[in-house]
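Per-entry structural report
The lines below spell out each chain.
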Amino acid sequence: MRAGKRKRIALPGSKVVYDLITPDMKRKLEVMYMRVSKGENSGEEPMLDSPGEKLCIVMKGRLELRVGEEVYRLEEGDSLYYPA
């Protein structure tokens, strides 16, 4: 996937920006580059994931991620893998 050809995704009510790194969202594993400013979140509505798998790697800063009822607090360099 060429960097200039990535699809950009933004959720309503959120300032979080996602770049789709995999060609589409029809794969078992979707890879997205997500940029979140301090204090931002993905919105009030829960994200509905297509069936498959997710992998989150925190490249810089900290991230709180909710998967179902579980809350994960990740630090720079941490990762989380989970079924969508």
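Small disclaimer: the values here were computed from a predicted structure and weren't measured.

Parameters at a glance
Residues numbered from 1 in each chain as written. Predicted model: local features only at pLDDT ≥ 70, side-chain atom pairs only at ≥ 80, totals over all residues. Heavy atoms only, no water. Helix = DSSP H or I, 4+ residues; strand = E, 2+ residues; numbered from the N terminus. Buried < 20%, exposed > 50% of the residue type's maximum accessible area, 1.4 Å probe, protein only. Contact = heavy atoms within 4.5 Å. Areas by Shrake-Rupley, 256 points an atom, 1.4 Å probe, with all protein chains shown as cover. Pairing = 2+ DSSP bridges. Axes fitted to C-alpha atoms, helices over the stretch in contact; angles between N-to-C directions. Salt bridge = Lys/Arg side-chain N within 4 Å of Asp/Glu carboxyl O. Polar contact = N/O pair within 3.5 Å; in protein donor to acceptor, adjacent residues only side chain to side chain.

Now for the overall build of the protein chain. Counting its secondary structure elements, the protein chain contains zero helices and seven strands. For the protein chain, the N- to C-terminal ordering of α and β elements is β-β-β-β-β-β-β. Within the span of the protein chain, comprising 84 residues, buried residues form 18% of the whole. Within the protein chain, contacts between residues at least 6 apart in sequence are counted, and of these 32% link residues at least 24 apart. A total accessible area of about 6900 Å² is found for the protein chain, and carbon and sulfur atoms account for 52% of it.

Time to look at the sheet that holds strand β2 (residues 17-20). Read across the sheet, three strands follow the order β1-β2-β3 without closing on themselves; strand pairing throughout is antiparallel. In this open sheet, the two edge strands, each paired with only one partner strand, are β1 (7-10) and β3 (32-35). With direction set aside, neighbouring strand axes in the sheet form an average angle of 25°. Two strands pair when backbone bridges link them, and β1 and β2 are joined in this way by four bridges, in the antiparallel orientation. Residue alanine 10 lies in a different strand from β2, and its bridge partner there is valine 17.

It is possible for side chains bearing opposite charge to pair when their charged atoms get close. On inspection of all chains with the given rule, the structure shows five salt bridges. A salt bridge links arginine 35 to aspartate 19, with the nearest nitrogen and oxygen atoms 3.3 Å apart. Remark: aspartate 19 occurs in strand β2 and arginine 35 occurs in strand β3; sequence separation between them is 16 residues. The partner of arginine 66 in a salt bridge is glutamate 64, and the shortest N-O contact between them spans 3.5 Å. By relative accessible area, arginine 66 is classed as exposed at 59%. Residue classification places glutamate 64 among the partly exposed positions, given a relative accessible area of 40%. Three or more residues are tied together by salt bridges with common partners; here these are Arg8, Asp19 and Arg35.

As for its placement among the helices and strands, threonine 22 is situated in the loop between β2 and β3. Judged by relative accessible area, which is 13%, threonine 22 ranks as buried. Of the polar contacts made by the side chain of threonine 22, one reaches the backbone nitrogen of valine 31; its length is 3.3 Å. Among all residues touching threonine 22, those that are not within four sequence positions of it are Met1, Leu29, Glu30 and Val31.

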